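Chain by chain, the residues:
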Amino acid sequence: MKSQPEYNADQLEELLSSRLGPIIPSTALRTSSSPDAEQQELVILAQQLRTAPALQPDPAFAHRLERKVLAHNGRQTHKHTFANTWPWLFIGHGAQFRVIIVLIILCLFGGTSTALAMASTTNPGPDNPLYMVKTWKQNLQLSLADSPQSRATINLQITRDQLNTMIHLADPTHANAYHQTMVDLEQQIDTITPDINALPPEPDRQHLLNELIALKDNIRHTLYTLLPKLPFPEKLATTTFLAHLGAAVPIIQKVTVTTTKHPTLQVTISVTGTNLANTTRLLVNNQPVTETCTFQSNTCLFVAPMSKLNQLSTISIINTDDTAAQTSVITHATTNDSNGNNQKTDNKKPNSGNNTANNTNNNEKGNEKNNVKAYKKVNGKDNDKINDKINGKGNKNDNVKVNKKDNGKGNKKDNGKGNGKSNGKSNGKGNGKK
Amino acid sequence: MFSWQRSIEEAFSSREERVPVFEHVLKRAKKGESEAVATLYHHFLPAVFGYIAARVPDRSTAEDLTSEVFLKMVEGIDKVRTTEETGIAAWLFQVARVTIAGYYRHREKQPHCVALESSFEDKNNTIRKNSVTLTNSSDTDPVTCSESREEWQTVVNAINHLTEDQRLVLVGRLILGYDITTIARMIGKQANAVKALQFRALQSLNRLLKKANPPAAALPAQRHQKRREDDR
């Protein structure tokens, strides 16, 4: 048995189902007073609601809204198509974009850190792109140093890094990079030494000085270990650097090549210098010769057949520890017999401007003598002429030319000075006064 | 409204046929096909507009809010899991409800506008006296418009006093033309409960309108028509 409310609800539903069709005029219903008058009123109300103009969408509005909805649908479809192609961009909407940006930043950061770390750990040489990163990092560290002491400390570390880099470049394939690094290292030492010396006398200064001394020792020791691995030009350069660091290295002061015709045609090469030994080996034009050294009073004598020694341009020596020296200033002498009679000396080859300190030193000391000899030889016939040229207002170029030919570019200045003196002297002696 | 309903009935000729047709249309709409989206739009526009218009004071606001609802439909249609018509209807009404709530929240935050004229009623009376002799058409009669607007506000207030379920039943039953079973599925209740909701909704509405307008519970259009008949 249904309750009254349920009955009323059912009755209303029946009425609505039957009446929700054509509109029934309200006047016909309002006047009725049947027991279900309320139901009738409710049905009328329902019908009125259903047909109320206020609840009907305006056709123009509907048309406008339809276009707007379809346009929005088009945009959404395009967005979803892109999202399906790149779903990872759109998952989580804004959060995903933030994650992507964070990842990009991390990659950039990581890449930079990796480059810096690699630059620090792999000891890149000047031929490596990371060298610039390393240099930049070192300069940055120096610029951020807040005191001379910290700056000196950083410079010492940079020096150690350069030494480590040299170690890794000590092979024939990295000759240029090795050379450049060595030059940088030498400059670095030349820079930090006065900087540390200029520090105020505090405990830090002595500590830093001790560190510098220890570092120089380490560099010397390291260079000696690198010498065997290096090609000959780098041996020469390293030997020069060792000399700069105060190591005992061979120095050529004079080379004399004496050609003896009798009884056999042979050549004696006399190399005079310091830190030579009977184990010193000879190289002629950078080619080793098998003849051994006869060591005598700081002079190594090498005797070889003439055929081996054609067109001498450079004479080099190398010790057992692979330190080396080279010169192109060679004094030639010819003797008819082994006793040295009828000697003629000749300064044959010019200085080709080789890069050894030994050679430079040699030239500074020996150029005067060489120039005198050359002058004498050249002026065997034309002595007056040359004297006129030197002492007169005329052409000094000849003299310079002669000197240049003898001694090369590097010693032009010295030659100028030496020549003036020696020529003056020789003129005075040989030719009387003008 | 009949034209809308006819189009729907033509599109979905019988209930049995409507189900697979609707699911097919919905599937295409989720993919973004314009034709399917348009079909859904036309199908649900009367109900959504009627639901919103019955709850807001003026037509322009109802149109704005209806636009919002259908734009959200386009944005969210592919995320809706249901494939049934009643499920989509329930979802749209939920969106509409949230949209209307947002509208009223926004309106509350706005400062109350005070009319510059001293007395609105005095002015209205003056206009009314003058307009009786001047106006020719009831459609353009500002008095009628004013009265209609005010009375419709009464209806809106009355509908807003109903519960949400009651509102959904009325809209589903009267505008969408759903039967009791379908509405029951839409709002998640039993059929008997839906009948009871329907009865109580109309009864409450009738009582509220009678209370607001003592002579009769007629809606504005019908009351105006009655007044004109009385004037004659």
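A brief report on the enclosed structure follows. (Residues numbered from 1 in each chain as written. Chains lettered and ligands numbered in written order. Predicted model: local features only at pLDDT ≥ 70, side-chain atom pairs only at ≥ 80, totals over all residues. Heavy atoms only, no water.)

**Concerning the overall build of chain A**
Part 1: When you go through chain A residue by residue, the secondary structure sums to 14 helices and ten strands.
Part 2: Expressed as a percentage of its 434 residues, the buried residues of chain A come to 41%. (Helix = DSSP H or I, 4+ residues; strand = E, 2+ residues; numbered from the N terminus. Buried < 20%, exposed > 50% of the residue type's maximum accessible area, 1.4 Å probe, protein only.)

**Description of the pairing of strand β6 (residues 299–305) of chain A**
All names here are of chain A.
Part 1: Relative to β6, strand β2 (residues 266–274) runs antiparallel, the two being bridged by seven bridges. Bridge pairing in β6 places Ile 269 opposite Phe 302.
Part 2: Strand direction decides the pairing type here: strand β5 (residues 294–296) and β6, joined by three bridges, are antiparallel. Directly across from Thr 294, in β6, lies its bridge partner Leu 301.
Part 3: Linking β5 to β6, which pair antiparallel, is a turn of two residues; within it Ser 297 sits at a positive phi near 50°. (Pairing = 2+ DSSP bridges.)

**Notes on the side chain of Glu 234 of chain A**
Residues and elements named next belong to chain A.
Part 1: One can find Glu 234 in helix α11 (residues 232–244).
Part 2: The buried charged residue Glu 234 lacks any salt bridge partner; its closest oppositely charged side chain belongs to Lys 235, at an N-O distance of 9.1 Å.
Part 3: If we skip the residues at most four places from it in the chain, Glu 234 touches Ala 175, Tyr 178 and His 179. (Lys, Arg positive; Asp, Glu negative; His and termini not counted. Salt bridge = Lys/Arg side-chain N within 4 Å of Asp/Glu carboxyl O. Contact = heavy atoms within 4.5 Å.)

**Thoughts on the interface of chain B and chain A**
Part 1: Listed per partner, the contact involves 47 residues of chain B and 39 residues of chain A.
Part 2: Counting the surface lost from both chain B and chain A, the interface buries some 4,100 Å², and carbon and sulfur atoms represent 67% of this.
Part 3: At the junction of chain B and chain A, the tally comes to 14 residue pairs in polar contact (both at pLDDT 80 or more).
Part 4: Listing elements by their share of the side of chain B that touches chain A, those giving two or more residues are α1 (2–11), α3 (34–53), α4 (59–76), α7 (142–160), α8 (164–175) and α10 (191–212) of chain B. (Buried area = accessible area lost by both parts, 1.4 Å probe. Polar contact = N/O pair within 3.5 Å; in protein donor to acceptor, adjacent residues only side chain to side chain.)

**Description of a nonpolar patch on the surface**
Part 1: The grouping of Val 99, Val 102, Leu 103 and Leu 106 of chain A at the surface amounts to a nonpolar patch, some 350 Å² of accessible area in total.
Part 2: When you line up the elements, Leu 103 of chain A lands in helix α6 (residues 94–121). (Patch = residues over 30% accessible without salt bridge, like charges linked within 9 Å, V, L, I, M, F, W, Y side chains within 5 Å. Areas by Shrake-Rupley, 256 points an atom, 1.4 Å probe, with all protein chains shown as cover.)

**Observations concerning helix α9 (residues 180–187) of chain B**
Residue and element names in this part refer to chain B.
Part 1: Extensive coverage of α9 is indicated by the burial of six of its eight residues.
Part 2: Every buried residue of α9 is accounted for by Ile 180, Thr 182, Ile 183, Ala 184, Met 186 and Ile 187.
Part 3: The positive-phi residue at the C-terminal boundary of α9 is Gly 188, with phi of around 75°.

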